[in-house]
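Notes for the structure review
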Amino acid sequence: MTDPTSPQLPAATILGYPRIGPRRELKRAVESFWAGRSELDDLLIAAAELRRRQRARLIDLGLAADDASIPSDFSFYDQVLDTAVTLGAVPPRFSHLLDDDGALDLPGYFTLARGAGERPPLEMTKWFDTNYHYLVPEISPRTRFRLADDRVQQCFLEAAAEGVTTRPVIVGPVTFLLLSKAVAEGDPGDGAVPATAPPEDFTPLDRLEDVLPAYVELLHALAHVGAPWVQLDEPALAVDWGVPRERVLAAVERAYTVLAAETTRPERPALFVPVAYGPAEDALPILAGAGVEAVGIDLVRGTVPSGEVLSQLGDAVVVAGAIDGRNVWRTDLDGALERLQELEAGLRPGAARDGGLCVATSTSLQHVPYDVGAETTLDPQLSSWLAFADQKVEEVLALATALTQGRDAAQEAFATAADRRRSRLEHPGVRRAEVRDRVAALTEADRRRAPFAERAAAQAEVLDLPPLPTTTIGSFPQTVEIRRARAAYGRGELSAEAYTAAMREEIARVVRLQEELGLDVLVHGEPERNDMVQYFAEHLEGFAVTQNGWVQSYGTRCTRPSILWGDVARSAPITVEWSRYAASLTDKSVKGMLTGPVTILAWSFVRDDQPLADTAAQVALALRDEVADLEAAGIGVIQVDEPALRELLPLRAEHHAAYLEWSVGAFRLATAVAAPATQVHTHLCYSEFGEVIGAIDALDADVTSIEAARSRMEVLPELQAAGFARGVGPGVYDIHSPRVPSEEEVAELVALAAESVPPQLLWVNPDCGLKTRGYDEVEPSLRHLVAATQKVRARLS
Ligand code: GLN
Ligand code: ZN
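Presented here is a report on the structure given in the accompanying data block. Only a predicted model underlies this, so the values are computations on that prediction, with no experimental measurement involved. (Residues numbered from 1 in each chain as written. Chains lettered and ligands numbered in written order. Predicted model: local features only at pLDDT ≥ 70, side-chain atom pairs only at ≥ 80, totals over all residues. Heavy atoms only, no water.)

Topic: the pairing of strand β10 (residues 317-323)
Definition in use: The cut-offs for exposure are 20% and 50% of the maximum accessible area for each residue type, with area from a 1.4 Å probe on protein chains only; residues under the lower value are buried, those over the upper are exposed, and the others partly exposed. A run of H or I in DSSP counts as a helix once it spans at least four residues, and a run of E counts as a strand once it spans at least two, with each numbered from the N terminus. Here the rule is simple: two strands pair whenever DSSP picks up at least two bridges between them. Seen with its strands pointing away from the viewer, a crossover is right-handed if its path from the first strand over the helix to the second goes clockwise.
A large share of β10 lies buried, amounting to seven of its seven residues. Of the pairings in the sheet, the one linking strand β9 (residues 294-298) to β10 comprises five bridges and is parallel in character. Bridging across to β10, A294 finds its partner in V317. Looking at chain direction, β10 and strand β11 (residues 357-361) are connected through five bridges and run parallel. Counterpart to G321 in the pairing with β11 is A360. Once you follow β10 into helix α11 (residues 333-347) and on to β11, the crossover reads as right-handed.

Here it is in structure tokens:
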């Protein structure tokens, strides 16, 4: 039986809810404040209003107002940054922003996220295997932790004043430290002084003992304001880190012994510790043994824990993440109920009825849009298969009802779910014989090109490039005029002819500019693309795009992932006319530009009714046809971007090999149709590549451009060590910063690159596409890039 002094967790809850606002209200309010168009007070009012409406919405949907089922998880920018600021872990380069009590105000908080002048912001990186990015806290051997902020309590009180008892959410101590980066003691990190490395053997996890008192303080403060529950997220327990597993588990045991056992109730709220984004069976008995009141498991990415594990959970309430927080399909409620019943049987009969088993989402719903009801242009049948955040709340409630009162009590929801599932299974676009036959007939030969040496010789003959050829990654700045034309065309206010003419004019301008700059391999500039994935989704069968399906990517940046719902086919060439037109304007080579299969999958909501590998092969075949058509149109250089290759890498090392096999296989399937004389490029960015170096080689691209400027070519020795011996274009211009690099700076990076890459394989290019920059930065930067390359060329010859 559960501890009688412990408050009950509600039978249904969610781990988190989107926060950016159904109409991106928070984005607008924050950006307007940043731009100086509104006051801090306006922003605070807008945020409070958003929180109020979200609570009201969740109550409307059926979550109770008085039992801590509504999470209090608002963030102005990022939940990891919030946790760092709450714990006082502000890097020394920002200490001037702290007030006398060591607290940071909201403008200061934004400065940590965005940097200021010479002070770079916190680094940003992927949140698990999602497309959300968090800010990486910096922890040194000397970071001083304390409860430095009362935002968590204030949000609780704000809701309480309205009669709503929420459940504050914060990142738990073990995950907080595992997500942090080790920095040197007192590292000024202002970029001016080269940061000294932290002590060789130091990891942020070494600071566990020091961070725990700050958490204890927070727990006391939350008890003081009357919070019955707090949610301490520990998703990092589902991931393999460089740290030995025993060490992670020992940290869990120590942390929760301090927080749960050595801190008694009611001096602290009851603790709910969910492990999301994957299974972590080994951590559950430790959490329960340490005395946390509730543990959460991910039943979507994981399975029902073994009887042995369940028998060790004692009194801890089990919160089962049965509804997928990361995808947009309606749940197979019968299937989910079965799993929940299996879980209940493993716990004890009646566990759901007496509060020992609760139903939740597998992760926060921050990864899905708000409401399918807001979509007016989606095909109604497709809509009927979808569940966004609001629909998922209803699904959680239906499952909880069925589990506690029997399936009949939620009959309607179950019947609808079964009906929609059937309609999806039977839809002719979901399984298309011609697509499946084509995939089934593939052989290894379809993924293999001629040996690189043979290709390189054939390409050298037709392309006639100088040593250290210069190129760009594809997009040029998206000007106001381009965006306007695209929007007007989308609304039907601009005819197809007028739109094409406007885009052609832009392409001609960009080609002229590149010729004038003296670049060697030109691009058309991608003016016709709103987004590198959505553009292809709009032109391929089997995909749909939403109107309002925004999902936070980082800070105020949102994306609208496409929905890949059926078998993928290409009914007509997509990019060929644009590339052909660009090529007709110049004697230089123009690079065709496609988004790779893995990236298309990573940045879309994918179907859940077949393995990703199968979906990837279908997308790859559609791209393969596009590659063949580009080649036939005389395009001799074709780039297939895979910036998300690293992003989909599974969290557990045991699954890496299988993933890399199908992802690399999909890229090769898309590109191996190219003749030896056609030069295939790929482009990678946004991550550290250590773990996928072997895969980069296996892609077998003739030229790989890769983000490298900020890390000063760090990746090159790694590539060399892995035996990579094809063309490589390390980025020499960091396009993520508005700074224009000088010619000397670029020359230095090119020379640095030439130390690890033989000159006949080295390319010179920016780090990534230029679409987010302005021409006033791009033009001089590219001019410096070309001039620097010419100098290095002269030196080398
Ligand atoms: N070709 C794309 C562009 O230049 C690549 C973008 C990316 O890597 N994210 O915009
Ligand atoms: Zn890129």
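A short note on the coordination of the zinc ion (ligand 2)
Which entries qualify depends on this criterion: Each metal's donors are the N, O and S atoms within 2.8 Å of it, or within 3.2 Å when it is Na, K or Ca, and because water is not part of the set, sites may look incomplete. For four-coordinate sites, all angles between 85 and 135 degrees define a tetrahedron; for four- and six-coordinate sites, opposite donors beyond 155 degrees with the remaining angles between 65 and 115 define square planar and octahedral shapes respectively, and all other cases count as irregular.
Around the zinc ion (ligand 2), the protein contributes the donor atoms H683 (NE2), C685 (SG) and C768 (SG), at 2.1 to 2.3 Å from the metal centre. Taken together, the four donor atoms surrounding the zinc ion (ligand 2) define angles of 93 to 126 degrees at the centre, an arrangement classified as tetrahedral. All donors to the zinc ion (ligand 2) come from one chain, and their sequence spacing reads H-x1-C-x82-C. Within this pair, whereas H683 is found in strand β20 (residues 679-684), its partner C768 is found in the loop between α26 (743-756) and α27 (775-796), the two being separated by 85 residues in sequence. Of the two residues examined, H683 and C768, each falls in the buried class.

Describing the sheet that holds strand β21 (residues 703-706)
Condition: Whether two residues are in contact is decided by their heavy atoms, any of which lying within 4.5 Å being enough. Angles run from 0 to 180 degrees between N-to-C directions of axes, and those axes are lines fitted to C-alpha atoms, restricted for helices to the stretch in contact.
If you trace the six strands from one edge of the open sheet to the other, you get β12-β17-β19-β20-β21-β22, paired in parallel fashion. Every interior strand has two partners, whereas the edge strands, β12 (521-522) and β22 (727-730), have only one. Bridge analysis of β12 against strand β17 (residues 589-595) gives two bridges, and the strand direction is parallel. Bridge assignment links V521 to a residue of β17, and that residue is S589. Along the sheet face, helix α22 (residues 612-632) touches β17 and β19 (637-641) and points at about 170 degrees away from the line of β17.

Structural notes on the environment of L699
Mapping L699 onto the fold places it in the loop between α24 (693-698) and β21. Residues L699 and N765, spaced 66 residues apart in sequence, show a C-alpha to C-alpha distance of 20 Å. Ignoring sequence-local partners within four residues, the contact set of L699 consists of L645, V664, F667, R668 and T682.

A look at the packing of aromatic side chains
Condition: By convention, a stacked pair of Phe, Tyr or Trp rings (six-membered ring in the case of Trp) has centres within 6.5 Å and planes under 30 degrees apart, an edge-to-face pair has planes over 60 apart, and any other such pair is tilted.
Inspection of every chain in the model, using the stated rule, returns 16 aromatic pairs. Summarising the aromatic geometry, the rings of W34 and Y77 are spaced 6.3 Å apart at their centres and angled 40 degrees between planes, so their arrangement reads as tilted. With W34 in helix α1 (residues 25-34) and Y77 in the loop between β1 (70-72) and α3 (79-86), this residue pair connects regions lying 43 residues apart in the sequence. A relative accessible area of 24% places W34 in the partly exposed class. We classify Y77 as buried; its relative accessible area is 6%. Pairing F74 with F76 gives two aromatic rings, centres 4.9 Å apart and planes at 85 degrees, and the pair type is edge-to-face.

Don't take any of this as a statement about function, it's just geometry.
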